[in-house]
Amino acid sequence: MRVGLINTYSTFNLGDAAIYSALARLIGGEQPVVATVQDVVPLSVPGISFVDALGPCDTYVSVGGDIFNNSREWLITKQFLINLRELRRHPSRTILFGQSLPRSCHGLSLRLLSRSLRRLAAVCVRDEESHRRLLQRGVPAQLSYDTAFALELEAPAQAQARELMTLQGLDPTSLALLSVRAFDSMYGHDNQRFLSQMAGLCRELVKAQLQPVVLIQSQAYGADNDLQVAAAIAAEVPQVAIFNPFTGPTGPWAHWQIAMAALSLARLVVGIRYHTTVLSLAAGRLPYNLYYSNKGRDLSERLELPGCNLKAFDPADQIATILASADRPFAVEPIREHVRRSFMAALAAAGPSHSPSMQP
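This one's a predicted model, so the numbers in the text were calculated from it and none came from an experiment. (Residues numbered from 1 in each chain as written. Predicted model: local features only at pLDDT ≥ 70, side-chain atom pairs only at ≥ 80, totals over all residues. Heavy atoms only, no water.)

Some thoughts on the overall build of the protein
Of the regular secondary structure elements, the protein holds 12 helices and 13 strands. Computed over C-alpha atoms, the radius of gyration of the protein comes to 20 Å, within 12% of the 21 Å expected from 2.2 N^0.38 for 360 residues, which places it in the range of a compact globule. The dimensions of the protein, computed from C-alpha atoms along their principal axes, are 55 × 45 × 40 Å. A total of 360 residues make up the protein; the buried ones form 60% of that total. Side chains of the protein carry 33 positive and 30 negative charges; the gap between the two charge centres is 8 Å. (Helix = DSSP H or I, 4+ residues; strand = E, 2+ residues; numbered from the N terminus. Rg over C-alpha atoms; globule rule 2.2 N^0.38 Å. Buried < 20%, exposed > 50% of the residue type's maximum accessible area, 1.4 Å probe, protein only. Lys, Arg positive; Asp, Glu negative; His and termini not counted. Charge placed at Lys NZ, Arg CZ, Asp CG, Glu CD.)

Here it is in C-alpha cells:
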C-alpha cells in the first residue's frame, strides 16, 4: 500500500514535521509514505519520503493543521482553492485526519469545504468546535486529538537534547522553556503587545530564579518564523536564552525529536505554539497552555490544562499558576490510544485493502 500525504506544508515547522512522522508511525513502517512540501531541500522526517510529485497512491491522507484558514474573510484565497482541489482528486480514497477549522473559514468557504468533505471516505478533526461546525454542515466527522499525540519520547534523543543544552550552558533543572510566534492575518493578536507579554513573563521567571529559554519551533515562511520574535525578547530581557533545534549537532534525530526531548527535560513549559503543548504532553509532561485559537483552547478544556487565552494573559497575575505547573507529569497513553484507534477507523473507511496492521 502506498500512502500519499496531501495538503502538506513544510518540514521547517516542527509541528508539521511531527505530524508527518506520527502518520508514518500509525500507518506502519513497511508501508511507503510519500509527500511533497514547498521546501527546496526538505529536512529529514522519519518515515516520510519527499518527492516532487506524489504519483498514484492507494490512499491519500489530508494532513496539517489550520490549512483551511481563509485569511481573506469575504473572498476565497488561491491557497484555499488549491487545498480544496487536493481533497477532490480521489475522494473515495481520501481521509482527512487531525485538522482544525479556523474561524476564518466561514460563509462561502465553509460551504465549499463542507461539500468536499462530505464526499471523503472519512473525516476526523482534533477540536470540538471544528467537530460541531462540521456536523452542523452535514459532514459525518469524528472527533479525536492531534496526530502528534501518537509520538513517543526517545531516550537517546533526550540525551542528545541534554548535550545541546550543556553546550549552551543551560541547566534543565532550572529551565523554563517557552515557544513564541509572530501574528498576522491568520491569527489575530497585536505583535507589540505579545512581545511585551513575553518580556514580562521572562522577567517574572527570572525573579523566580528560573532560566527563561525561547524554543524555536518554526523557521518556515513569512510570519511562521520564530527567530525575529525570539531575538526581540532576548534584547528586552538579557537573561533570556534561545534553544534552536534546527542548529547544532542533532545526530540521527529529527528536529522535532530534539524539541520534544527538550520539552521533557525542562523544569516547566509554557506552550504558546500549539505543538509545544502537544509535544510536551506527548512526552508525559504537563505544560502551561497559553492559547490563541480554538485548537489551543480545546486542549485546555478537554484535557483540563493550566493556562489561559493569550488576550487575557497578564504575567504577574499568572506566574503563580505557571510555577505550580513545574515538574508535573501527564498521563498521555489514553490520548495516544484514542488517536491510534481513530486513525485506524478512518483508514479502514477508505477500503479494507487500505487498512495496515497497527505498529506497536
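Thoughts on the confidence of the model for the protein
The predicted coordinates should not be examined in detail at positions where pLDDT is low. Predicted confidence across the protein gives a mean pLDDT of 91, with 93% of residues reaching 70 or more. Below pLDDT 50 for its whole length, residues 354–360 participates in 20 contacts with residues either more than four positions away or in separate chains. (pLDDT = per-residue confidence, 0-100. Contact = heavy atoms within 4.5 Å.)

Here's the deal with the environment of Ala254
Looking at the element boundaries, Ala254 is found in the loop between strand 10 (241–243) and helix 8 (255–265). Residues Ala254 and Leu43, spaced 211 residues apart in sequence, show a C-alpha to C-alpha distance of 8.1 Å. Ignoring sequence-local partners within four residues, the contact set of Ala254 consists of Ser44 and Pro46.

Remarks on the pattern of salt bridges
One pass over the full model with this rule turns up 16 salt bridges. Glu236 is paired through a salt bridge with Arg203; the nearest N and O atoms lie 3.2 Å apart. Separated by 33 residues along the polypeptide, Glu236 in helix 7 (residues 227–236) and Arg203 in helix 6 (residues 191–207) bring together distant segments of the chain. For Arg203, a relative accessible area of 37% puts it in the partly exposed group. A salt bridge links Asp327 to Arg267, with the nearest nitrogen and oxygen atoms 2.6 Å apart. (Salt bridge = Lys/Arg side-chain N within 4 Å of Asp/Glu carboxyl O.)

Things to note about the packing of aromatic side chains
Following the criterion strictly, the structure yields seven aromatic pairs and no others. A ring pair is formed by Phe97 and Phe343, whose centres lie 5.2 Å apart and whose planes are at 85 degrees; its orientation type is edge-to-face. Note that Phe97 is positioned in strand 5 (residues 94–99) and Phe343 in helix 12 (residues 333–349), a separation of 246 residues in sequence. Its relative accessible area of 2% is what places Phe97 among the buried residues. For Phe343, a relative accessible area of 0% gives the class buried. Ring geometry for Tyr288 and Phe313: centres 6.4 Å apart, planes at 50 degrees, overall tilted. Of this pair, Tyr288 sits in strand 12 (residues 288–291) while Phe313 is found in the loop between strand 13 (307–309) and helix 11 (315–324), placing the two residues 25 residues apart along the sequence. By way of ring pairs, the aromatic residues Phe183, Phe194 and Tyr292 are connected into one cluster. Its guanidinium or amino end placed over the ring of Phe183, Arg181 lies 5.7 Å from that ring's centre, counting from NZ or CZ. (Phe/Tyr/Trp six-rings, centres within 6.5 Å; stacked < 30°, edge-to-face > 60°. Lys NZ or Arg CZ within 6 Å of the ring centre and 35° of its normal.)

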